[in-house]
Amino acid sequence: MVERGLKDVTGKNSSRDGWLSLVSTQDVVGLKVFSAPGETSGTRPAVVSAVAKSLIAAGLPRDRIVIWDKDESDLRAAGFHETAAALGVRIAASSSAG
């Protein structure tokens, strides 16, 4: 679904070309999630994983992808720390980042 949507929105023939029409491999891409509801609602880790995997496949370095939300405890409770670790991407909470 992510791949098809990206190609449809950008008009490119591949998801790699689609991403590279929007971002550079030198950019830092933040994936803002809504983690406050925990595991029952909000942004689903599977969706974030699909987007991150697509960005990685397009050539974006893993250390330039950040999953983020306001509170560290919400990110942890919703399972995003596990998602970030599995993907090898960064995770950040804006309340502790300043």
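Structure: above.
Since this is a predicted model, take the numbers as computed values, not measurements.

K.L.:
Even after reading the chapter, I still don't get the overall build of the protein chain, so can you show me in this structure?
P.N.:
If you tally the helices and strands in the protein chain, you get six helices and three strands. Starting at the N terminus, the α and β elements of the protein chain follow one another as α-α-β-α-β-α-α-β-α. Over its C-alpha atoms the protein chain spans a radius of gyration of 14 Å, differing by no more than 12% from the 13 Å that the globule rule assigns to 98 residues. Its C-alpha atoms give the protein chain principal-axis dimensions of about 40 × 25 × 20 Å. Split into buried and exposed, the 98 residues of the protein chain put 37% on the buried side.

K.L.:
Explanation requested: the nonpolar core in the structure shown.
P.N.:
Note that soluble globular proteins tend to have their nonpolar side chains buried in a common cluster. Counting residues in each nonpolar core, the largest one holds 22 residues, and the members touching the most others are L31, L55, I65, I67, F80 and V89. Secondary-structure elements contributing two or more residues to this core are β1 (29–32), α3 (45–57), β2 (65–69) and α5 (80–87). Among the elements that line this core, the one with the most residues is α3, at five residues. Sequence-distant contacts of L55, defined by excluding residues within four places in its chain, comprise W19, V23, V29, L31, L60 and I65.

K.L.:
What's the story with the side chain of S35 in this structure? I'm lost.
P.N.:
Residue placement: S35 occurs in the loop between β1 and α3. On the basis of relative accessible area, S35 is assigned to the buried category, the value being 1%. For S35, the side chain forms a polar contact with the side chain of D69, separated by 2.7 Å. A polar atom in the side chain of S35 sits 3.4 Å from the backbone nitrogen of L75. Look past the residues within four positions of S35 in its chain and what remains in contact with it is D69, D71, D74, L75, A78 and F80.

K.L.:
So what exactly am I meant to see when it comes to the environment of G79 here?
P.N.:
Looking at the secondary structure, you find G79 in the loop between α4 (72–77) and α5. The sequence separation of G79 and R44 amounts to 35 residues, and the corresponding C-alpha distance is 9.0 Å.

K.L.:
Which parts of the structure should I look at to understand the pattern of salt bridges?
P.N.:
Opposite charge on two side chains lets them pair, provided their charged atoms get close. Under the defined criterion, the tally for this structure stands at two salt bridges. Put simply, D69 and K32 hold a salt bridge, and the shortest N to O gap is 2.7 Å. Note that D69 is positioned in strand β2 and K32 in strand β1, a separation of 37 residues in sequence. Overall, D69 belongs to the buried group, its relative accessible area being 6%.

K.L.:
Would you mind showing me how to read the sheet that holds strand β3 (residues 90–93) here?
P.N.:
Across a sheet, strands are paired by hydrogen bonds formed along the backbone, either parallel or antiparallel in direction. Across the sheet, which stays open at both edges, the three strands sit in the order β1-β2-β3 with parallel pairing between neighbours. Both outer strands of the open sheet, β1 and β3, are each paired with one neighbouring strand and no more. In this sheet, neighbouring strand axes are inclined to one another by 30 degrees on average, regardless of whether the strands run parallel or antiparallel. Relative to β3, β2 runs parallel, the two sharing four bridges.

Rules of the game
- Here the residue numbers are simple positions, counted from 1 along each chain's written sequence.
- Per-residue local features of the predicted model are confined to residues with pLDDT of at least 70, and side-chain atom pairs are confined, for both listing and counting, to 80 or more; whole-chain, interface and lining totals are unaffected and use all residues.
- Water and hydrogen atoms were dropped before computing side-chain values, which therefore reflect all heavy atoms in the structure.
- Strands here mean DSSP runs of E at least two residues long; helices mean DSSP runs of H or I at least four residues long; both are numbered from the N terminus.
- The globule rule used here is 2.2 Å times the number of residues to the 0.38 power, and the radius of gyration it is set against is calculated over C-alpha atoms.
- Exposure is judged per residue with a 1.4 Å probe applied to protein chains only, and the accessible area is read against the type maximum: over 50% gives exposed, under 20% gives buried, and values in between give partly exposed.
- Only buried residues count toward a nonpolar core. Its members are Ala, Val, Leu, Ile, Met, Phe, Trp, Tyr and Cys residues joined through side-chain atoms within 4.5 Å.
- Working rule for contacts: check all heavy atoms of both residues, and any pair within 4.5 Å makes them a contact.
- Polar contacts here mean pairs of N or O atoms no more than 3.5 Å apart (in protein, one a potential hydrogen donor and the other a potential acceptor; neighbouring residues in sequence count only if both atoms are side-chain atoms).
- The term salt bridge refers to a side-chain nitrogen of Lys or Arg lying within 4 Å of a carboxyl oxygen of Asp or Glu.
- The pairing criterion for strands is at least two bridges between them, as found by DSSP.
- With axes taken as lines fitted to C-alpha atoms, and helix axes fitted only over the stretch in contact, angles between N-to-C directions fall between 0 and 180 degrees.

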